[in-house]
Amino acid sequence: MQRAWRARTPRCGGGSSSPPAPKKPSPGGSCASPEYNDDSEEDMFGDYDSFSGNDSLLAQVDDLEQKYMQSVDFALHPENLEDKAVVEPASGKLHIQHSKSKELLFSATENVNGFRVKEEDNVWKSPDEQEERTQELGDFSLDDLPCSQQLYFEEVDASTQQANANAGDNHMNSGLGRILNQSFCHNDVEHTKTNNEPSQNIIADLNKRKSLKDHLKSSMAGNAKAQSLQISKTKQLKEAILSKELCVAKETIEASSVDLGPFYGLPSKVKDLFVQFHGIEKLYEWQHTCLTLESLQQRKNLIYSLPTSGGKTLVAEILILQELLCGQKDVLMILPYVAIVQEKVWALSSFGVELGFLVEEYAGSKGRFPPIKRRTKKSLYIATIEKGHGLVNALIETRRIGDLGLVVVDELHMIGEGSRGAILEMTLAKILYTSKTTQIIGMSATLNNVGDLQQFLQAEYYTDSFRPVELKEYVKIRESIYEVDSKAENCFTFSRRLNFRYSSNLERMDPDHLIALVTEVIPNYSCLVFCPTKKNCENVAEMICKYLNKEYENHRKKEKQDLLMNLKNIGNGTVCPVLKRTVSFGVAYHHSGLTSDERKSIEEAYSAGVLCLLTCTSTLAAGVNLPARRVILRAPYVATEFLKKNQYKQMIGRAGRAGIDSAGESILIVQEKDKHLVQDLISSPLENCCSSLLLEFTKGIQNLLLSLVGLQIARNFEEICNFMCGTLFGVQRKTLSKEKSLSDIIKESLESLIEKGLLKRKIMSEKEQKSSSNLAITQLGQAAYKGSIDLAYCNALYRDLKKGLEGLVLESCLHLLYLATPYDMIYHCNPDWMIYFKQYTQLSAAEQKVADIVGVPESFITKKASGQVIRRDVDIGVINRLYLSFVLYALLKDTNVWMVSEKFNLSRGYVQNLLNSAATFCSCVLHFCEELEEFWVYKALLTELTKRLTYCVKAELIPLMEVAGVLEARAKQLYNAGYKTLAHLANANPEILVKMIEHVSRHQARQIISSAKMLLSEKAEALQEEVEELLQMPTDTPEGLLTAATENHEATA
Ligand SMILES: Nc1ncnc2c1ncn2[C@@H]1O[C@H](COP(=O)(O)OP(=O)(O)OP(=O)(O)O)[C@@H](O)[C@H]1O
Ligand SMILES: [Mg+2]
């Protein structure tokens, strides 16, 4: 039969955490964005050409079955597991064991049953009604859309109908409405009957799937029989009627027994989970008001804004659960940083395990494009801004954007921040343009020009000034502390004189009286000191500890010693000398020079109160949730730039967090010379969020236009103009670009793209003229957009790869590494010429040839190292790039960030960052090559290299590091303690895990286990889906088509 099963092209996407994708190639070919390409998954059907009589195949299915049974086993033997996992029925519908637990104190009233009725209706309606509803949705008024968008929707509609026709019995979500078919309803009836007996339900489910092998056998037999008998249309019709009747019955039964949602349309169990996992017993008043807003009930887009620590997340999480459980659609949550995504995946995995939805991580090198289409469970994608964009592109490309019911954007103000802001804007604009049914919710504490954002997102706005813990703002000028009061004449009112006694020596060392300020709160309360630079963080931490009383060392002494031991393990025997001196005082620095493992340990120790003072850079303000009683801003500067109001608000917002502190205060240290600037800062409003599309030319508008054509969202000048009018840039065009009109800007960008060979004008046929499509993407353009290559480097990449084809040195991976070294890092690199020379001389002859091929002559390095002046013209970009590939090469050989950072005299954080960037860029280059036939040879090579760069650790740790939030150090601990596989972790007992693993709290142990369970269940689901797809009877067999044609002929005759 199909040899296609055997020869697999490198898989599009394939996050490390992701299970195998359905094997159908996605329309349009490959994936839309960069990510790690995992080809480690076994091809289930290996070398087999045929199903019939193949015992090995059945053996493999047995294996698969075992994996599935293992996941079901969770449900049957909850005592083996953490707490009480509830398994969801295979239908994916919400069948929660209704807890009759204690009455909760939620202020959420029981009167919001009707909330989101629209969506619930859709789920519980009979097929007839569903069809009606689908038609209603399908017929939604297109009149108010621009014509290009109408065309877009019409096409989506047509392709959806086609897909539905092809999918036969499959239940699919169209872009414009959900179609529940009969077999889907049929399943539900079975589950409904046993709804009140969860365990029986599970057993029935288990029995039903008892032997996948039997199922496979009978299916094969069935298929053969059906094909030989040929399908009778009348029989199909009869079955359809029966299914419809069953569905009506199901609806009647369910109406009387299902907990329709006493908690904002959600089952009471959700309420319990918020108490259990977050300790939240009662919603704040504003949270209740917001959740019951008329606009939300009408599924309108919403922006809401409250001060830091106002509790915005909870509202978003409830809306997400409504969409997943009641709306039965997928949700995308976009968060600003990898670390925050990981934290959220941890936190929400426990909800997913309990409530039966999947949590999929899209950060760093994790996440698959396009995402696997799940048959039963709904997915919550938690993504960084970049990965979120890739995901949306992939969903648009595969015509699945309508599957996204809700998109939540946290820290919405980031839309105004440089290239990342531009990406966020593109993502949201594409969703708005291509899916009328996807709701968008944005939140932030620091928004000013809400009107623009509202217009862009077509959203309602909700705001409140609530903050559960009062935040008192102060500034310190000389020895006096003033309370910030924007209403006072000079913004400050005197509060007190700082009480301290400094020797003249100390006064010289600490002129800002930082020690006096921090010792007012530590060690009993926590304190953050924001510093302008990384170096300053380290200096301040050391300076403070130098003069702290020795008494401070006794506070939680043992735990601090443990932390130091832990840091030593992480550093393979070395601890950063600064941390070695400061940790014993409960003090540490926190910035990007630390490795992620170190950062995580320090954060954990700070959260547990073992560390009481962190000196940090501004990145911590928007980073992980590390609250403090007192926040001190060492100076009103970030690096050399004066502080912006948004930054100031975010930094001071870390003080006084609900549930942790009862009070919070911030102190900004001001020098006399900056006093007026600080007064301006305090009295000024927050900065406006302005579109960055134009500022970031190659990363912004050009990139957007290329992908619009590539995704066929817009195919000519007019359509592009239409699209652009709907962007934030379109809304703000008059203020952002006074000289040029929107159409001039678009024209210029298109010309530039055509000049670069990324777009071309099509010679149009008569038919095409009618549909006015005259722009097309070139192969190079397609490669650039699929690989998410910055257009500024696109031609250089093409040239380098082409040159590589002429003589790629494959004796080691150095040459390939050179090609995968990210361009954007080479201009900030200052090679140490002695190290460069030393590394060069240690290369083999073949490796030295690489230097020669790429254009780094030996004489150049030698002369530089000996300090000679060089007159020759050399490309410094190439020189730096080779140096960085030496660093990467050393990393791949040693797998030890510490040793390499020492060897190259670079900070370990920088080395790790280089490695992460190279892993991402390598997968970008891979996708670039996939689109260009001439680069076929790179595909296999880069697939392997991406994997090596992504997990630059010992192979045995990889399965553990796939679990969200498990970094190398933790993976090593777990592995050494005997937790060697994902299944080991998923089945672990948190109590035992805490005992076996040092420095793991009970809460962390639970989160690791929940994340592992989630990942295991994702993988099992994907395998199961793959099997079901394989077993599905094709609807287009030659026999079937023949019968249909004959029947048609007979009918007309
Ligand atoms: N109803 C509630 N009762 C008690 N605590 C709550 C409630 N709602 C939220 N919290 C807690 O308040 C803290 C801050 O909430 P959250 O992180 O949502 O703030 P935020 O508004 O997103 O702030 P920021 O803008 O700084 O991100 C969290 O620890 C959260 O668990
Ligand atoms: Mg928040």
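Residues numbered from 1 in each chain as written. Chains lettered and ligands numbered in written order. Predicted model: local features only at pLDDT ≥ 70, side-chain atom pairs only at ≥ 80, totals over all residues. Heavy atoms only, no water.

**Things to note about the packing of aromatic side chains**
Inspection of every chain in the model, using the stated rule, returns 23 aromatic pairs. Ring centres 5.3 Å apart and planes at 15 degrees place the aromatic pair Tyr793 and Tyr823 in the stacked group. With a gap of 30 residues between them, Tyr793 in the loop between helix H30 (779-786) and helix H31 (794-806) and Tyr823 in the loop between helix H32 (814-819) and helix H33 (833-841) connect regions that are remote in the sequence. Residue classification places Tyr793 among the partly exposed positions, given a relative accessible area of 22%. (Phe/Tyr/Trp six-rings, centres within 6.5 Å; stacked < 30°, edge-to-face > 60°. Helix = DSSP H or I, 4+ residues; strand = E, 2+ residues; numbered from the N terminus. Buried < 20%, exposed > 50% of the residue type's maximum accessible area, 1.4 Å probe, protein only.)

**Some details on the pattern of salt bridges**
Summed over the entire model, instances satisfying the criterion amount to 34 salt bridges. Between Glu1021 and Lys377 there is a salt bridge; the shortest N-O distance is 3.9 Å. On the criterion of sequence distance, the pair formed by Glu1021 in helix H44 (residues 1002-1031) and Lys377 in the loop between strand E5 (358-362) and strand E6 (379-383) is long-range, its members being 644 residues apart. Accessibility classification places Glu1021 together with Lys377 in one group, the buried group. Put simply, Glu944 and Lys947 hold a salt bridge, and the shortest N to O gap is 4.0 Å. Residue Glu944 and its partner Lys947 are both found in helix H39 (residues 936-950); the two are separated by 3 residues, about one turn of the helix. Note on Glu944: relative accessible area 37%, which makes it partly exposed. (Salt bridge = Lys/Arg side-chain N within 4 Å of Asp/Glu carboxyl O.)

**With respect to the sheet that holds strand E10 (residues 471-477)**
Taken in spatial order, the 8 strands make up an open sheet running E12-E11-E10-E19-E16-E13-E15-E14, and their pairing is mixed. Bordering the open sheet on either side are strand E12 (492-497) and strand E14 (587-590), each of which pairs with just one other strand. Between one strand axis and the next, the sheet turns by 25 degrees as a mean value, whatever way the strands run. Relative to strand E19 (residues 664-670), strand E16 (residues 630-633) is paired through 4 bridges, and the arrangement is parallel. Among the inter-strand pairings, Val631 is bridged to a residue of E19, identified as Ser666. On top of the sheet, helix H22 (residues 596-607) reaches strand E13 (527-530), E14 and strand E15 (613-616); it is set at about 135 degrees to E14, its chief contact. Across the sheet, helix H24 (residues 675-683) is in contact with E10, strand E11 (480-484), E12 and E19; its angle to E12 comes to roughly 120 degrees. (Pairing = 2+ DSSP bridges. Axes fitted to C-alpha atoms, helices over the stretch in contact; angles between N-to-C directions. Contact = heavy atoms within 4.5 Å.)

**Overview of the confidence of the model for the protein**
Predicted confidence across the protein gives a mean pLDDT of 78, with 74% of residues reaching 70 or more. Low pLDDT (under 50) marks residues 1-148, which in the prediction has 369 contacts with non-local residues, meaning those over four places away or in another chain. Within the model, the stretch residues 215-232 combines pLDDT values under 50 with 22 contacts to residues more than four positions away or in other chains. (pLDDT = per-residue confidence, 0-100.)

**Here we look at H30**
When you tally the buried positions in H30, you get 7 out of 8 residues, the bulk of the element. Among all positions in H30, only Leu780, Gly781, Gln782, Ala783, Ala784, Tyr785 and Lys786 are buried. Taken together, the buried residues of H30 touch helix H14 (385-397), helix H25 (701-710), strand E21 (775-777), H31 and helix H38 (908-930). Ser788 sits one or two positions beyond H30 and adopts a positive phi of about 50 degrees.

**Here's the deal with the nonpolar core**
By size, the foremost hydrophobic cluster in this structure holds 129 residues, and its most contacted members are Leu428, Met724, Phe928, Leu945 and Leu949. In this view, Met724 contacts Leu693, Ile701, Leu704, Leu705, Phe729, Gly730, Leu742 and Ile746; residues no more than four positions away in its chain are not counted. In this structure, Leu498, Val518, Tyr648 and Val678 belong to the second largest nonpolar core, which totals 74 residues. (Core = buried A, V, L, I, M, F, W, Y, C linked by side-chain atoms within 4.5 Å.)

**Quick word on the site of ligand 1**
Taken together, 17 residues lie near ligand 1, and Lys282, Ser309, Gly311, Lys312 and Thr313 sit nearest. At a separation of 2.7 Å, an oxygen atom of ligand 1 approaches a polar side-chain atom of Lys312. In terms of residue class, the shell around ligand 1 is built from 6 nonpolar, 6 polar and 5 charged. The two domains that each donate at least three residues to the shell around ligand 1 are domain 1 (268-463) and domain 2 (471-683). (Near = heavy atom within 4 Å. Polar contact = N/O pair within 3.5 Å; in protein donor to acceptor, adjacent residues only side chain to side chain. Nonpolar A, V, L, I, M, F, W, Y, C, P; charged D, E, K, R; others polar. Domains from an automatic or database assignment.)

**Things to note about the sheet that holds strand E3 (residues 301-305)**
Taken in spatial order, the 7 strands of this open sheet run E5-E6-E4-E7-E8-E3-E9, and their pairing is parallel. Strands at the two margins of the open sheet, each flanked by one partner only, are E5 and strand E9 (459-463). Neighbour-to-neighbour, the strand axes of the sheet open up by a mean angle of 15 degrees, direction not taken into account. Here helix H16 (residues 450-457) sits on the sheet and contacts E3, strand E8 (439-444) and E9; the angle it forms with E9, its principal contact strand, is near 145 degrees.

**A word on a nonpolar patch on the surface**
On the surface, Leu805, Trp936 and Val937 cluster together into a nonpolar patch covering about 290 Å² of accessible area. Tracing the sequence through the fold places Val937 in helix H39. Using a relative accessible area of 33% as the deciding quantity, one classes Val937 as partly exposed. (Patch = residues over 30% accessible without salt bridge, like charges linked within 9 Å, V, L, I, M, F, W, Y side chains within 5 Å. Areas by Shrake-Rupley, 256 points an atom, 1.4 Å probe, with all protein chains shown as cover.)

**Considering the state of the cysteines**
The full count for this structure, using the stated rule, is 0 disulfides. Between Cys690, a free cysteine, and Cys689, which holds the nearest cysteine sulfur, the sulfur-to-sulfur gap is 7.5 Å. Among the residues examined, Cys690 registers a relative accessible area of 30% and is labelled partly exposed. (Disulfide = S-S within 2.5 Å.)

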